[in-house]
Structure formats: C-alpha cells, structure tokens
Amino acid sequence: MSELTSSLSSTTNFFEKINEEISATLHVLISKVCSLHTENFSVATLDQLEKASLSAQELTRILNTIIQLGNLHAGNISLQKVDFSLQHLIKSIHQQFLAISESKQIQFAIRFSPTLEPVFLGDKELIHRAISNLVQSAIFYTQKGSVCIDVDVIKNTLTHQF
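Residues numbered from 1 in each chain as written. Predicted model: local features only at pLDDT ≥ 70, side-chain atom pairs only at ≥ 80, totals over all residues. Heavy atoms only, no water.

1. Some details on the packing of helix α3 (residues 86-103) against helix α4 (residues 124-141)
Part 1 of the reasoning: Their axes nearest at 10 Å, the elements α3 and α4 cross at an angle of 30°. The orientation of α3 relative to α4 falls into the category roughly parallel. When the axes of α3 and α4 are compared, the crossing they make is right-handed. Counted together, Leu-86, Leu-89, Ile-90, Ser-92, Ile-93, Gln-96, Phe-97, Ile-100 and Ser-101 of α3 and Lys-124, Ile-127, His-128, Ile-131, Ser-132, Val-135, Gln-136 and Ile-139 of α4 form the full contact between these two elements.
Part 2 of the reasoning: Of the residues that constitute the contact of α3 with α4, the class distribution is 10 nonpolar, six polar and one charged. (Axes fitted to C-alpha atoms, helices over the stretch in contact; angles between N-to-C directions. Helix = DSSP H or I, 4+ residues; strand = E, 2+ residues; numbered from the N terminus. Parallel < 35°, antiparallel > 145°, perpendicular 65-115°, else oblique. Left-handed = near helix turned anticlockwise from the far one by under 90°. Contact = heavy atoms within 4.5 Å. Nonpolar A, V, L, I, M, F, W, Y, C, P; charged D, E, K, R; others polar.)

2. So, α4
Turn by turn, an α-helix covers 3.6 residues, leaving residues three or four places apart pointing in a common direction.
Part 1 of the reasoning: End to end, α4 covers 26 Å across 18 residues, agreeing with the expected 26 Å (1.5 Å per residue, within 8%).
Part 2 of the reasoning: Looking at the buried positions of α4, the neighbouring elements they touch are α2 (43-74), α3, β2 (107-112) and β4 (146-151). (Expected span 1.5 Å × (residues − 1).)

3. Overview of the pattern of salt bridges
Part 1 of the reasoning: Within the structure shown, the criterion is met by one salt bridge.
Part 2 of the reasoning: Across the salt bridge formed by Arg-111 and Asp-150, the nearest N and O atoms sit 3.7 Å from each other. In this pair, Arg-111 sits in strand β2 while Asp-150 sits in strand β4, placing the two residues 39 residues apart along the sequence.
Part 3 of the reasoning: Residue class for Asp-150 comes out partly exposed when judged on its relative accessible area of 48%. (Salt bridge = Lys/Arg side-chain N within 4 Å of Asp/Glu carboxyl O. Buried < 20%, exposed > 50% of the residue type's maximum accessible area, 1.4 Å probe, protein only.)

4. Regarding the side chain of Ser-113
Part 1 of the reasoning: Topologically, Ser-113 is positioned in the loop between β2 and β3 (120-122).
Part 2 of the reasoning: Residue class for Ser-113 comes out buried when judged on its relative accessible area of 9%.
Part 3 of the reasoning: A distance of 2.8 Å separates the side chain of Ser-113 from the side chain of Thr-115, its partner in a polar contact.
Part 4 of the reasoning: Polar side-chain contacts of Ser-113 include one of 3.2 Å to the side chain of Asp-152.
Part 5 of the reasoning: If near-sequence neighbours (up to four positions away) are discounted, Ser-113 is found in contact with Val-151, Asp-152 and Val-153. (Polar contact = N/O pair within 3.5 Å; in protein donor to acceptor, adjacent residues only side chain to side chain.)

5. Here we look at the layout of surface pockets
Part 1 of the reasoning: The volume enclosed by the second largest pocket comes to roughly 300 Å³.
Part 2 of the reasoning: Taken together, 12 residues line the second largest pocket, and the ones lying closest to its centre are Asp-47, Glu-50, Lys-51, Leu-54 and Lys-104.
Part 3 of the reasoning: Of all the elements, α2 adds the most residues to the lining of the second largest pocket, at seven residues.
Part 4 of the reasoning: For the lining of the second largest pocket, the class distribution of residues is four nonpolar, four polar and four charged. (1 Å grid on protein atoms, 1.4 Å probe; cavity = no way out; pocket = protein on both sides within 12 Å on 5 of 7 lines; lining within 4 Å. Points joined across faces, edges and corners; volume = space filled by probe spheres on them.)

6. A look at empty space enclosed by the protein
Part 1 of the reasoning: Counted by the stated rule, this structure contains one cavity of 30 Å³ or more.
Part 2 of the reasoning: In terms of residue class, the lining of the largest cavity is made up of five nonpolar, two polar and one charged.

7. Thoughts on the packing of aromatic side chains
Part 1 of the reasoning: Per the counting criterion, the structure on display carries two aromatic pairs.
Part 2 of the reasoning: Aromatic pair Phe-84 and Phe-120: ring centres 6.4 Å apart, planes at 35°, arrangement tilted. Of this pair, Phe-84 sits in strand β1 (residues 82-84) while Phe-120 sits in strand β3; the two residues are 36 residues apart in sequence, bridging distant segments of the chain.
Part 3 of the reasoning: Note on Phe-84: relative accessible area 6%, which makes it buried.
Part 4 of the reasoning: Geometrically, the ring pair formed by Phe-140 and Tyr-141 is edge-to-face, given 4.8 Å between the ring centres and 90° between the ring planes.
Part 5 of the reasoning: Judged by its relative accessible area of 56%, Tyr-141 is exposed. (Phe/Tyr/Trp six-rings, centres within 6.5 Å; stacked < 30°, edge-to-face > 60°.)

See the structure below:
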C-alpha cells in the first residue's frame, strides 16, 4: 500500500509542477489579453480577446481541478471544520464573477431561502472553490440568458455531536 501512496504522491508532485508552469504561462496570457482591452480594436476583435481570456481562465480552472483530484487520491486533502456564513461566501463569489457576467451580457443573480441558517460548519475554502468552479463554468458556457445561485434548504438534518 505504501508503494501505491508513494506513486500517487509522485504523480501529484509531477502534476503540481506542470500546473505551476502552465498556470504561470496562462496568467501571463490572461494579463496580456486584458491589457489589450485598452487598445482601440474593433468590436469583433475585442470579442475575440474576451473569448481568449475566458478560455485561458477555464484552462486554469481545469488544471487546478486535476491537481485537487490528484491530492484527493493521494490522501493529501483533509477537510476543515470551521463556522462560516454561507450567505457571505455566496455574495463574495457573486462579486467575484459579476464583471465577467456583465461583459458577456448575462444576468447573474443570487437567491437565499429565508430558512437558511446563519452559520454553517464545514470546509469553507473547499465549498468556495466548488461553487466558484460551478459558477465559472456556468458563465463560460452560457451564451445568453442568466446564471443564478439559488440557495435553499432541502432538509435540515442538524445534529449535534459532543
């Protein structure tokens, strides 16, 4: 079993190095594309620049997902248990992606159930990453219309462990 763990760890390290190199290149590409938005290009060219920027961002997200899966398989991820406000987390994600959705002329809304608890216990960063990935993909693949994060309580199974 330790041989398998070692192999997975080596694979994860390899993907982390590749991810770092590709991410650095993509970030330079994104920066260069964003800097071109200040030039006087035609609307069609600006549209192509926006698509190139979104594609580079999507590739970065995919690479990060591959690394996360590698870490999960290697047992390098441990879930954190912290109190956090889901409403605050969702609102921050909304702000993060609002400009991108507006540039694509897509409505981006959030709705909260009135029965939503004010505090949740869980891995805030992992939940943030998962919801951000979903929102980013939704905006990326939506050509027209809207994207909405609708937070509702399906079943409250609150339990206490002491």
